[in-house]
Number of protein chains: 2
Amino acid sequence: MTTAKPAKRTGRPGRPGYDLDSLLAVAVKVFNEKGYDGTSMDVLADRLGISKSSIYHHVSGKQELLELALGRALGALFAATTEAGTTEGRHIDRLEYLVRRSVEILAAELPYVTLLLRVRGNSVVERRALARRREFDEFVGNLVIGAAEEGDVSPEVDPALVARLLFGTVNSLIEWYRPRVGVGVDELADAVVAMTFDGLRRRR
Amino acid sequence: MTTAKPAKRTGRPGRPGYDLDSLLAVAVKVFNEKGYDGTSMDVLADRLGISKSSIYHHVSGKQELLELALGRALGALFAATTEAGTTEGRHIDRLEYLVRRSVEILAAELPYVTLLLRVRGNSVVERRALARRREFDEFVGNLVIGAAEEGDVSPEVDPALVARLLFGTVNSLIEWYRPRVGVGVDELADAVVAMTFDGLRRRR
């Protein structure tokens, strides 16, 4: 994944001043501010300071921008499900690893993950993203089931409920976390894992 | 607090068919669907099936509806901060009590709490609500400090961060919890408290 900075403008009129990544970064920012449905290609062109045809040089329309943005967030999260930390060892440790990686991904890809978490299913692209999110939730639920079978979490807990609460905590970070302000990502991941896996209450 | 059902319609034209509570319930539903800024008085009148002047019979405008709705959620949350469970005993137990009560309030006042949590500060009413939310967060932060002083939470944790994570977990429930479907509110509150205070990982 590349960083999302505008490419150098050439100054020549009609020449797109963005590569696809930097164009996507601006589009996602606008989607998050105004909502995807409330963002027209005119608004996008205006914010990018380029013509609509320059946008069409890169993508077929705003739906493709949405698809690319959601794909970036989902791609990063699903990549984490195939890492050794998530696939080897005791299930409770795999679960903890995946929670930690998800916090890191959320922090690194904040605008993309924010967009993903706000998807409501108003189009085919959005419904496909929701289906992928459910797939991820099921993967997490299966890790909880594995951890319960190995005796590492209470057998009384509902795995799907635990998965929801755990990623509810992770996902709630989009509401306030901003990279480079205050809390570092390692401290954040440590705090999330400490609260959810060890609990706040100190044992005596 | 009253339940939010439309009052019996009289059938007489021009006569408001709602009392203030039932009118508010519909308005909050529409605000949550379309966003407050995206909801006009015309849209509200249309959804209520009454004239705008019938709405003005109850309130001065949509801003007052917002204020009443946010006040209902904030009122319930602040009332919980004055209950004996939150003001007496060890701070860790007060904190746990307040988390449990907040889950209950969220479930009982779901549309109102949802509206509150989506406020972004675009008007005086919204900024006042955000200021009250910060006040609540500080109250929670002070409970965490008290618990640390009593040795019940690790002294290494940042109280403000713990407060954010804890209520991030609680607030994330608005994304998926629906009363009367699946999980009961007691089971939900138990699961939230178990994960955040005792941790998922079973001790051997």
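Residues numbered from 1 in each chain as written. Chains lettered and ligands numbered in written order. Predicted model: local features only at pLDDT ≥ 70, side-chain atom pairs only at ≥ 80, totals over all residues. Heavy atoms only, no water.

## Quick word on the packing of helix H6 (residues 91–108) of chain B against helix H9 (residues 159–171) of chain B
All names here are of chain B.
Then comes step 1: Following both chains from N to C, one finds H6 and H9 inclined at 25°, their axes separated by 10 Å at the closest point. In terms of orientation, H6 and H9 fall into the roughly parallel class. Crossing handedness for the pair H6 and H9: right-handed. Seen from H6, the contacting residues are Leu95, Leu98, Val99, Ser102, Val103 and Leu106; seen from H9, they are Leu166, Phe167, Val170 and Asn171.
Then comes step 2: Partitioned by chemical class, the residues of the contact of H6 with H9 number eight nonpolar, two polar and no charged. (Axes fitted to C-alpha atoms, helices over the stretch in contact; angles between N-to-C directions. Helix = DSSP H or I, 4+ residues; strand = E, 2+ residues; numbered from the N terminus. Parallel < 35°, antiparallel > 145°, perpendicular 65-115°, else oblique. Left-handed = near helix turned anticlockwise from the far one by under 90°. Contact = heavy atoms within 4.5 Å. Nonpolar A, V, L, I, M, F, W, Y, C, P; charged D, E, K, R; others polar.)

## Considering the packing of aromatic side chains
Then comes step 1: Applying the stated criterion across every chain, the model contains eight aromatic pairs over all chains.
Then comes step 2: With 5.0 Å between their ring centres and 80° between their planes, Phe31(A) and Tyr36(A) make a pair best called edge-to-face.
Then comes step 3: Among the residues examined, Phe31(A) registers a relative accessible area of 2% and is labelled buried.
Then comes step 4: Seen in terms of ring centroids, Phe78(B) and Phe136(B) are 5.9 Å apart; in terms of plane orientation they differ by 80°. Their pairing is edge-to-face. You can see Phe78(B) sitting in helix H4 (residues 62–80) and its partner Phe136(B) sitting in helix H8 (residues 124–149), a full 58 residues away along the chain. Both residues of the pair, Phe78(B) and Phe136(B), belong to the buried class.
Then comes step 5: By the ring-pair criterion, three or more aromatic residues cluster together here, those being Phe78(A), Phe136(A) and Phe167(A).
Then comes step 6: One cation-aromatic arrangement involves Arg72(A) over Tyr112(A); the distance from NZ or CZ to the ring centre is 4.1 Å.
Then comes step 7: For the cation-ring pair, Lys62(B) lies above Tyr36(B), with the distance from its terminal atom to the ring centre recorded as 4.2 Å. (Phe/Tyr/Trp six-rings, centres within 6.5 Å; stacked < 30°, edge-to-face > 60°. Buried < 20%, exposed > 50% of the residue type's maximum accessible area, 1.4 Å probe, protein only. Lys NZ or Arg CZ within 6 Å of the ring centre and 35° of its normal.)

## Brief notes about the relation of the copies chain B and chain A
Then comes step 1: Mapping chain B onto chain A calls for a rotation angle of 180° and an axial translation of 0.0 Å; the resulting RMSD is 0.0 Å. Between the two chains, the operation in question is that of a two-fold axis. When C-alpha positions in chain B are compared against the rotation axis, the closest is assigned to Gly199(B), at 1.8 Å.
Then comes step 2: A shared interface surface links the copies, since 100% of the contact residues of chain B are contact residues in chain A too. (Least-squares fit on C-alpha atoms with pLDDT ≥ 70 in both.)

## Concerning the pattern of salt bridges
All names here are of chain A.
Then comes step 1: The full count for this structure, using the stated rule, is 28 salt bridges over all chains.
Then comes step 2: In this structure, Asp21 and Arg72 form a salt bridge, with 3.9 Å as the shortest nitrogen-oxygen distance. Of this pair, Asp21 sits in helix H1 (residues 20–34) while Arg72 sits in helix H4 (residues 62–81), placing them 51 residues apart in sequence.
Then comes step 3: Assessed through its relative accessible area of 11%, Arg72 is described here as buried.
Then comes step 4: Here Asp152 makes a salt bridge to Arg90, at a shortest N to O gap of 2.8 Å. Linking Asp152 in the loop between helix H8 (124–149) and helix H9 (159–171) with Arg90 in the loop between helix H5 (84–87) and helix H6 (91–108), this pair joins segments that are 62 residues apart in sequence.
Then comes step 5: Overlapping salt bridges, with partners in common, bring together Asp21, Arg72 and Glu109 in one network. (Salt bridge = Lys/Arg side-chain N within 4 Å of Asp/Glu carboxyl O.)

## Notes on helix H7 (residues 110–118) of chain B
Then comes step 1: Of all nine residues in H7(B), seven are buried, a share of seventy percent or more.
Then comes step 2: Of the surrounding elements, those touching the buried residues of H7(B) are helix H1 (20–34), H4, H6, H8 and H9 of chain B.

## Some points on the interface of chain B and chain A
Then comes step 1: Counting residues at the interface gives 38 residues for chain B and 38 residues for chain A.
Then comes step 2: Of all residues in chain B, the largest losses of buried area upon contact with chain A belong to Leu165(B), Leu200(B) and Arg201(B), amounting jointly to 22% of the total for that side.
Then comes step 3: Taken together, the connections running from chain B to chain A amount to six salt bridges.
Then comes step 4: For Asp93(B), the salt bridge is made with Arg201(A), and the minimal N-O distance between the two is 3.1 Å.
Then comes step 5: For the side of chain B that touches chain A, the secondary-structure elements that each account for two or more residues are H6, H9 and helix H10 (185–198) of chain B.
Then comes step 6: With eight residues, the top contributor of residues to the side of chain B that touches chain A is H10(B).
Then comes step 7: Classifying every residue of the side of chain B that touches chain A gives 16 nonpolar, seven polar and 15 charged. (Buried area = accessible area lost by both parts, 1.4 Å probe.)

## Regarding the nonpolar core
Then comes step 1: Counting residues in hydrophobic clusters, the biggest one holds 140 residues, and the most contacted among them are Ile55(A), Leu173(A), Ile55(B), Leu166(B) and Leu173(B).
Then comes step 2: Excluding residues within four positions of it along the chain, Ile55(A) makes contact with Leu23(A), Met41(A), Leu44(A), Ala45(A), Leu48(A) and Ile50(A). (Core = buried A, V, L, I, M, F, W, Y, C linked by side-chain atoms within 4.5 Å.)

## Notes on the domain arrangement of chain A
Residue and element names in this part refer to chain A.
Then comes step 1: The assigned domain composition of chain A is domain 1 (1–59) and domain 2 (69–198).
Then comes step 2: Where domain 1 abuts domain 2, roughly 870 Å² becomes buried across the two surfaces, and 56% of that area is made up of carbon and sulfur atoms.
Then comes step 3: Taken together, domain 1 and domain 2 are joined by four residue pairs in polar contact (both at pLDDT 80 or more).
Then comes step 4: A breakdown of the residues in the side of domain 1 that touches domain 2 according to their chemical character gives seven nonpolar, two polar and two charged. (Domains from an automatic or database assignment. Polar contact = N/O pair within 3.5 Å; in protein donor to acceptor, adjacent residues only side chain to side chain.)

## Some remarks on the UniProt feature "DNA-binding region" (unreviewed entry) in chain A
Then comes step 1: The residues that UniProt annotates with the feature "DNA-binding region" (unreviewed entry) are residues 40–59 of chain A.
Then comes step 2: With 65% helix and 0% strand, residues 40–59 of chain A has end C-alpha atoms that lie 14 Å from one another. (UniProt positions renumbered as here; feature names shortened; annotations may be inferred.)

## Considerations on the confidence of the model for chain A
Then comes step 1: Averaged over all residues, the pLDDT of chain A equals 90, while 92% of them reach at least 70.
Then comes step 2: With pLDDT under 50 throughout, residues 1–15 of chain A is counted as low confidence; its partners more than four residues away or in other chains account for 21 contacts. (pLDDT = per-residue confidence, 0-100.)

## Some words on the side chain of Ser172(A)
Then comes step 1: Summarising the element assignment, Ser172(A) is placed in the loop between H9 and helix H10 (185–198).
Then comes step 2: Among residues more than four places away in sequence, those in contact with Ser172(A) are Gly168(B) and Thr169(B).

## Quick look at H6(A)
Then comes step 1: Here H6(A) is 18 residues long and its end C-alpha atoms lie 25 Å apart, about the 26 Å a rise of 1.5 Å per residue gives.
Then comes step 2: The elements touched by buried residues of H6(A) are H4, H5, helix H7 (110–118), H8, H9 and H10 of chain A. (Expected span 1.5 Å × (residues − 1).)

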